[in-house]
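The chain contents come next:
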Amino acid sequence: MAWRRLWRTPSVFNLVFWDLMISLAVLSVYSARLSRELPKSLTSPSGLLAGHAAAATLAPAVMWRLGLFLATVLLIVTPFRVAGLYGGAAEMVVAGEGRRRFFYFFNVARRLFWRGLAITAAGGLLLAAVVLVGMGASLLGGVPILGPLALAAWLLAILAAVTVAFRGLGGLAAANAGAWAAIVEALTWCWKHLGITLGFGFAVGLATLAAFWIVVVAASVPVLGPVLAFVGLWIITGMMAVIPTVLYRATTDEDSEAAA
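Since we're looking at a predicted model, the values are computed, not measured. In every chain, residue numbers begin from 1 and rise along the written sequence. The model is predicted, so local features are restricted to residues of pLDDT at least 70 and side-chain atom pairs to those at 80 or more, both for listing and for counting; the totals for chains, interfaces and linings are taken over all residues. For the side-chain quantities, the full set of heavy atoms in the structure was used; hydrogens and water were omitted.

Peer 1: How would you summarise the overall build of the protein chain if you had to cite specific residues and measurements?
Peer 2: When helices and strands are tallied, the protein chain shows 11 helices and zero strands. Considering only residue pairs separated by 6 or more positions, the protein chain has 71% of its internal contacts joining residues 24 or more positions apart. Counting every atom, the protein chain has about 15,200 Å² of accessible surface; 75% of that belongs to carbon and sulfur. Numbering of helices and strands runs from the N terminus; a helix is a DSSP stretch of H or I covering at least four residues, while a strand is a stretch of E covering at least two. Residue contacts are defined here by distance: any two heavy atoms, one from each residue, within 4.5 Å place the two residues in contact. The method behind every accessible area is Shrake-Rupley, applied with a 1.4 Å probe, and residues are considered shielded solely by the protein chains displayed.

Peer 1: Tell me what's going on with the confidence of the model for the protein chain, and back it up with residues and numbers.
Peer 2: Values of pLDDT, which run from 0 to 100, indicate the predictor's confidence residue by residue. Residues of the protein chain with pLDDT of at least 70 account for 82%, and the chain-wide mean is 81. Looking over the protein chain, one finds the lowest element-wise mean pLDDT in helix H4 (residues 45–50), namely 49, and the highest in helix H6 (residues 104–111), namely 91. Ignoring residues within four places in sequence, the model shows residues 256–260, a span with pLDDT below 50, making zero contacts including any to other chains.

Peer 1: Any details on the layout of surface pockets? Residues and values, ideally.
Peer 2: Estimates place the volume of the largest pocket at around 1,100 Å³. Put simply, the grid is 1 Å and covers the protein atoms alone, a cavity is a trapped set of points that fit a 1.4 Å probe, a pocket is an open set with protein on both sides within 12 Å along at least five of seven lines, and lining residues have an atom within 4 Å of a point. Lining the largest pocket are 36 residues, with Ile-119, Gly-123, Leu-126, Ala-165 and Leu-169 sitting closest to its centre. When residues of the lining of the largest pocket are traced back to their parent elements, those giving at least two are helix H2 (12–33), helix H5 (60–95), helix H7 (113–139), helix H8 (146–174), helix H9 (179–192), helix H10 (194–219) and helix H11 (225–259). Top contributing element to the lining of the largest pocket by residue count: H7, with 11 residues. Grid points are joined across faces, edges and corners, and a volume is the space filled by probe spheres set on the points.

Peer 1: Mind laying out the pattern of salt bridges, listing which residues take part and the relevant values?
Peer 2: By definition here, a salt bridge exists when the distance from a side-chain nitrogen of Lys or Arg to a carboxyl oxygen of Asp or Glu is within 4 Å. Scanning all chains against the criterion turns up three salt bridges. Close ionic contact of Glu-91 with Arg-111 constitutes a salt bridge, the shortest N to O distance being 3.1 Å. Highlighted residues: Glu-91 in helix H5 and Arg-111 in helix H6, separated in sequence by 20 residues. Put simply, Glu-185 and Arg-167 hold a salt bridge, and the shortest N to O gap is 2.7 Å.

Peer 1: So what's going on with the nonpolar core? Residues and values would help.
Peer 2: Among buried residues, the Ala, Val, Leu, Ile, Met, Phe, Trp, Tyr and Cys ones that are joined through side-chain atoms within 4.5 Å form a nonpolar core. We call a residue buried when its accessible area falls under 20% of the maximum for its residue type, exposed when it is over 50%, and partly exposed in between, using a 1.4 Å probe and counting protein chains only. Judged by nonpolar contacts, the single largest core of 36 residues is most densely connected at Val-12, Leu-15, Leu-85, Tyr-86, Phe-105, Phe-166 and Ala-241. The set of elements that each furnish at least two residues to this core consists of H2, H5, H6, H8, H10 and H11. With sequence-adjacent residues up to four places away left out, Leu-15 is seen in contact with Gly-84, Leu-85, Gly-88, Ala-89, Met-92, Tyr-104 and Phe-105.

Peer 1: Tell me about the packing of aromatic side chains, residues and numbers included.
Peer 2: Only Phe, Tyr and Trp rings are paired, with Trp represented by its six-membered ring, and only when their centres lie within 6.5 Å; those with planes under 30 degrees apart are stacked, over 60 edge-to-face, the remainder tilted. Counted under the stated rule, the structure contains 16 aromatic pairs. On the numbers, 6.4 Å between centres and 80 degrees between planes, the contact of Phe-13 with Trp-234 is edge-to-face. Note that Phe-13 is positioned in helix H2 and Trp-234 in helix H11, a separation of 221 residues in sequence. Here Phe-80 and Phe-106 contribute two aromatic rings whose centre-to-centre distance is 6.1 Å and whose plane-to-plane angle is 45 degrees, an arrangement assigned as tilted. Here Phe-80, found in helix H5, pairs with Phe-106, found in helix H6; they are 26 residues apart in sequence, far enough to count as distant. Residue Phe-80 is classed as partly exposed on the basis of its relative accessible area of 23%. The class for Phe-106 is partly exposed, based on a relative accessible area of 29%. Through a chain of ring-to-ring contacts, three or more aromatic side chains come together here, namely Phe-13, Phe-17, Trp-18, Phe-80, Phe-102, Phe-103, Phe-105, Phe-106, Phe-230 and Trp-234.

Peer 1: Which residues make up the side chain of Asn-14, and what values go with them?
Peer 2: Turning to its location among the elements, Asn-14 is positioned in helix H2. Polar contacts involving the side chain of Asn-14 include one to the main-chain carbonyl oxygen of Phe-102, which spans 3.3 Å. Every residue in contact with Asn-14, bar those within four places of it in the chain, is listed here: Arg-101 and Phe-102. In protein, a polar contact means a hydrogen-donor-capable atom and an acceptor-capable atom, both N or O and within 3.5 Å, with residues adjacent in sequence counting only if both atoms are side-chain atoms; elsewhere, any N or O pair within 3.5 Å suffices.

Peer 1: Mind laying out the packing of H5 against H8, listing which residues take part and the relevant values?
Peer 2: Interaxial angles span 0 to 180 degrees and are taken between N-to-C directions of axes, which are lines fitted to C-alpha atoms, for helices over the stretch in contact. Where H5 meets H8, the axes come as close as 8 Å, and the angle between the chain directions of the two elements is 70 degrees. The angle between H5 and H8 places the two elements in the roughly perpendicular class. Between H5 and H8, the residues in contact are Tyr-86, Gly-87 and Ala-90 and Leu-169, Ala-173 and Ala-174, respectively. When residue character is reported, Ala, Val, Leu, Ile, Met, Phe, Trp, Tyr, Cys and Pro are called nonpolar, Asp, Glu, Lys and Arg charged, and the others, Gly included, polar. The residue inventory of the contact of H5 with H8, partitioned by class, reads five nonpolar, one polar and no charged. Throughout this description, any angle smaller than 35 degrees is read as roughly parallel, any larger than 145 degrees as roughly antiparallel, any in the 65 to 115 degree range as roughly perpendicular, and the remainder as oblique.

Peer 1: Describe empty space enclosed by the protein, listing the residues and the values that go with them.
Peer 2: Applying the stated criterion across every chain yields a total of one cavity of 30 Å³ or more. Considered as a void within the structure, the largest cavity measures approximately 30 Å³ in volume. Around the largest cavity sit Val-82, Ala-83, Gly-87, Leu-112, Arg-115, Gly-116, Ile-119, Leu-172 and Ala-173, which together line it. Those elements that place two or more of their residues in the lining of the largest cavity are H5, H7 and H8. Of the residues assigned to the lining of the largest cavity, the class counts are six nonpolar, two polar and one charged.

Take a look at the structure:
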């Protein structure tokens, strides 16, 4: 359903274009202004996994610039992107395809910025909850019986978190309800439909991994590799923008029919 909706609403790809352009701009600023001044423990995955105390080696001026950069990305850039991409996709899916201005992304991002900030905060809380569950599972990893059960619980929590994120994102982007009401409604629905929640999370996770694997393979093609990879990333981002609203509308329509 989401795949058909994406191709019936090609204006979504305009939103994806601006979202990717903003991402490239952020990466360019990071590469040009910060990456060369940071230690390898902050720029390489191996250094991060080793747990090096990189902050202690940073000069105060660099720490201020890094903090300002991260605060800008988290509190301004990310909410703006989320509002423009997911809010714009929700409006297009709900209202149907129509003529959209080239800069429609920025119009939606400006109008729905505070809703994008709420989505960003809710996503951060959900990620923190999954990390805490994972930390608890790691502490129980050495226990003979509880260890495997804790690992299974963590994996199930990740699958559930995927559906909660998409369902909540759809509610926040497509509905006019308050942020807290949309979050509670998403959690309630997922708890009542636990089987669908886990199955959807597994399907989306598997499809996403397969899609990114295809993008990586396409990127290795001589000459055309970067172009193919960018097109693949464009399509994946478009799907991710449409899925929350499609899921939210499908499940709310289903609940309305059941209640009637």
